[in-house]
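Remarks on the overall topology
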Amino acid sequence: MMSYYIGIDVGTGGVRGALVSHDGKLLKSYTHPLHIWQPCCNYYEQSTTDIWNGVCTCVKNVTKDVDATKVKGIGFDATCSLVVLDSNGAALTVSPSGSDERNVIMWLDHRAEKQMQEINSTKHPILRYVGHKISLEMSLTKVLWLKQNLSEKCWNKAGHFMELPDFLTWKATGSTARSAGCVGPKWLYQTNSWDESFLREIGLEELIDDNFAKIGSVVLLPGDAVCDTGLNKMAADQLGLLEHTPVATGIIDAHAGGVGCIGCTVFNSPDVNVPLINRMVLISGTSTCHMVVSDKEVPINGVWGPNYSAMISGMWNHEAGQSASGKLIDHLIETHAAYQKLIDRSKTTGRHIHSELEEILDDLTKKQALNDVSLLTRNFHMWPDYHGNRSPISDSTLTGMISGLSLSCDLNDLAVLYLAAIQALAYGTRHIIETYTDSGYDIRVIYACGGLSKNQLYIQIHSDITGLPIVLPDEKESVLLGSAILASIAAHEYPTMQVAMDTMCGDGHVVRPNRSVRSFHDNKYKVFRLMLENQQQYRNIMRDDQ
């Protein structure tokens, strides 16, 4: 009898749901948009009511006309955003507006700069698990911000602080169990325990009370069932599924992408079918994550981790990343003077704006008699940290830089800007890979997934700049597949995560680097690294002026 699993992915801008067969085929999918509030600069807020309604809509749509008895499990992944509930499980405001509807501080929210600095100034030994610097994207900085800034409206009333994936499994089952894949990387839950000395030193000693009830006393591994009873009746009715359907422990969206991608197989390509420890997963969407796994605990400065069993049970995980990638590209396009011309052109042809820009780039390449599109940026350079640097510098105050501007602002200039942004992100990936290599990793192949992995120019340029082959799974929705894989394990379809990945991740194909532009990219990478040095020098000069 055919059995199905549901994967739910709560991303930055929307909820996606998929119905997946037991052998990893995505049969149906549905997307529902989410609302984002931005009350002021660097504040990003959402609502769990809006999110859960989106989840229900997606599940009902992908299971329409499907026998509910054949749905054997459901898995949830989401962004690493902070959810706050009161002791009764009701939404509690995290917003200066005071609206309880806004009870989620999103991952890309940068309000907690001061709190991040306070935590890092302790130099507590446990910070080695986040590259010796906690990020202001992580929830502990935001919880401290709430204590210091919203004590009456939020902190004094809070009963639960959760990562968004853990909220989803709580909503589905009523269990307050947390995921090791959430509290390990984002809350510094390490060696199967909370560090009381750390929580006291950073001023969050209240989280220790009642056996850590507010942040979780039970922590489960990826693939574990959240509880023996599965979906509770209320959630089952809301989702249109059967009560007691198994629910997998939640996972961060990038980690779900890693699970759904890293086990992909490419036939007749032994150079890419290497051990897991020689693969890096590039999950590219609004932001980008660079995931690697190891059988050893290896701290790396400026990179999150190592975290045990955060993505794949039994292995240590590192997560580097770029805080803005897809968001950066969108920002550069949408704020350019030629944006409306691009939109008008896209409406005329019916093609995506990226396709229009790439056609312009092809025309420019031909007109200038160049042998590769990348050569168009010989004198145009970008440092891409418009939203700070997550890895490997780990400096949220870094900003973007462009060299090579002119008075021209037509579609040709927009196309070159688009190309330069993609290249800059790829140079950032090369910088991250070099950091991994210096720490002992031997990365031989990149496995790519996420929205930007569907952009052929983005993938080819990443291959060219890193000099590595890139595997693209035939199943494009690796994040949704990853959550479904975890659901299959929770439902005991497969005995281990490795067996489930081997069966469900499917096949893929390889994109290989164009070696003819290697020296060009080597030189531009030197400029890229020099731009970082220049920005740091500028800051030092201006600091001396104070």
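In case you missed it, the structure is sitting above this.
The following refers to the structure shown.

Of all the residues in helix α10 (residues 326-334), the buried ones are Gly326, Leu328, Ile329, Leu332 and Ile333. Across the axial projection of α10, the buried residues extend over an arc of 160°, all falling on one side. Close packing links the buried residues of α10 with α11 (339-349), α12 (353-367), β16 (381-383) and α13 (411-438).

So, about the pattern of salt bridges. Where side chains of opposite charge bring their charged atoms close, a pairing between them can arise. A complete count under the given rule lists 24 salt bridges for this structure. Two residues, Lys114 and Glu118, come together in a salt bridge whose shortest N-O distance is 2.5 Å. Of this pair, Lys114 and Glu118 both sit in helix α2 (residues 113-121), four residues apart, which is roughly one turn of that helix. Accessibility expressed as a relative area gives 29% for Glu118, which makes it partly exposed. For Glu319, the salt bridge goes to Lys186, with nearest N and O atoms at 3.5 Å. Linking Glu319 in strand β15 (residues 316-322) with Lys186 in helix α5 (residues 180-187), this pair joins segments that are 133 residues apart in sequence. You can call Glu319 buried: its relative accessible area is 2%.

Let us now look at unusual backbone geometry. Of the consecutive residues Gly305 and Pro306, the connecting peptide bond is found in the cis state with omega at 5°. Note that Pro306 resides in strand β14 (residues 304-308). Ser391 connects to Pro392 through a cis peptide bond whose omega is -5°. Mapping Pro392 onto the fold places it in the loop between β16 and β17 (401-403). For Leu188, which is not a glycine, the phi torsion comes out positive at approximately 65°. Assignment of secondary structure puts Leu188 in the loop between α5 and α6 (196-201). One non-glycine residue, Asp210, lies in positive phi territory at about 55°. The residue Asp210 is located in helix α7 (residues 209-212) in this model.

Cut-offs applied
- Residues numbered from 1 in each chain as written.
- Predicted model: local features only at pLDDT ≥ 70, side-chain atom pairs only at ≥ 80, totals over all residues.
- Heavy atoms only, no water.
- Buried < 20%, exposed > 50% of the residue type's maximum accessible area, 1.4 Å probe, protein only.
- Helix = DSSP H or I, 4+ residues; strand = E, 2+ residues; numbered from the N terminus.
- Arc of directions from axis to C-beta.
- Contact = heavy atoms within 4.5 Å.
- Salt bridge = Lys/Arg side-chain N within 4 Å of Asp/Glu carboxyl O.

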